[in-house]
Amino acid sequence: MDTFRDKAGEPIGTDIDNWVASFTRMESGSSELPPHHPNCLGCGPENPNGHFLSVRRDGDGVVAHHQFDQRHVGAPGIAHGGAVATVIDDLFGFLLYSVGELAVTRRLELEYLAPALLDTPYILRAAVRSRDGRKLDLTSTMEDAEGRTVITATALFIVVEVEHFLQSQRNSRA
């Protein structure tokens, strides 16, 4: 595997190096997509407070099955809106495997059409609607087992270089 380098030509750290490498355009040989990284709040298998989202390709988009549990409670029996937004945002992040570039959320809009209930299976789908330069226009739905749409979402992601993340890390340590 090639080592990614920052703008000064210095190798970047192993954790971020592996993370960046994972977003190199993945061809559709396997439908199951890997977690963004082990501690990702949305999909990380090692994050005890996470959602453990498991996502696979679905044509040009992605699909996931998810159930919110007691860790995600807002009102009794209902998933917290922020937990729902986390899952949708992470689902959008899985589209980056097919785009083949890093990107960040600029705007995330959710329309809650019905409560997202705890311990209820949902099907989530996301796709890229369009791309204009660095701007990715994304769309998503979350449906219950009867096919009723519970959540619709749109997002604007902006394609960035790895330096965006490295600079953020440097700024947080200053």
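Scroll up to find the structure this text is about.
Residues numbered from 1 in each chain as written. Predicted model: local features only at pLDDT ≥ 70, side-chain atom pairs only at ≥ 80, totals over all residues. Heavy atoms only, no water.

K.L.:
Any chance you could explain the pattern of salt bridges here in plain terms?
P.N.:
In a structure, side chains of opposite charge can pair up when their charged atoms sit close to one another. Following the criterion strictly, the structure yields seven salt bridges and no others. Residue E109 is joined to R107 by a salt bridge in which the shortest nitrogen-to-oxygen separation is 3.8 Å. Its relative accessible area of 32% is what places R107 among the partly exposed residues. For R148, the salt bridge identified is with E146, shortest N-O distance 3.0 Å. For the pair formed by R148 and E146, the shared burial category is exposed. (Salt bridge = Lys/Arg side-chain N within 4 Å of Asp/Glu carboxyl O. Buried < 20%, exposed > 50% of the residue type's maximum accessible area, 1.4 Å probe, protein only.)

K.L.:
Please explain the side chain of H66 as it appears in this structure.
P.N.:
Mapped onto the secondary structure, H66 falls in strand β2 (residues 61–66). Residue H66 is classed as buried on the basis of its relative accessible area of 6%. Engagement of the side chain of H66 in a polar contact is seen with the side chain of H51, the distance being 3.5 Å. Excluding its chain neighbours within four sequence positions, the residues that come into contact with H66 are H51, L53, V87, T120, P121, Y122 and L124. (Helix = DSSP H or I, 4+ residues; strand = E, 2+ residues; numbered from the N terminus. Polar contact = N/O pair within 3.5 Å; in protein donor to acceptor, adjacent residues only side chain to side chain. Contact = heavy atoms within 4.5 Å.)

K.L.:
What is the right way to read unusual backbone geometry from this model?
P.N.:
Residues other than glycine seldom take positive phi values, yet F52 does so here, at roughly 55°. For F52, the position within the fold is in the loop between α1 (14–22) and β1 (55–58). Here the phi dihedral of D119 falls at roughly 55°; this positive angle occurs in a residue that is not glycine. Within the fold, D119 resides in the loop between β3 (103–112) and β4 (122–132).

K.L.:
How should I be thinking about helix α2 (residues 81–94) in this particular structure?
P.N.:
Think of an α-helix as 3.6 residues a turn; residues three or four steps apart then line up on the same face. The terminal C-alpha atoms of α2, which comprises 14 residues, lie 20 Å apart, in line with the 20 Å expected from a rise of 1.5 Å per residue. With 10 of its 14 residues buried, α2 lies for the most part within the structure. Burial in α2 covers these residues: A83, V84, A85, V87, I88, D90, L91, F92, G93 and F94. (Expected span 1.5 Å × (residues − 1).)

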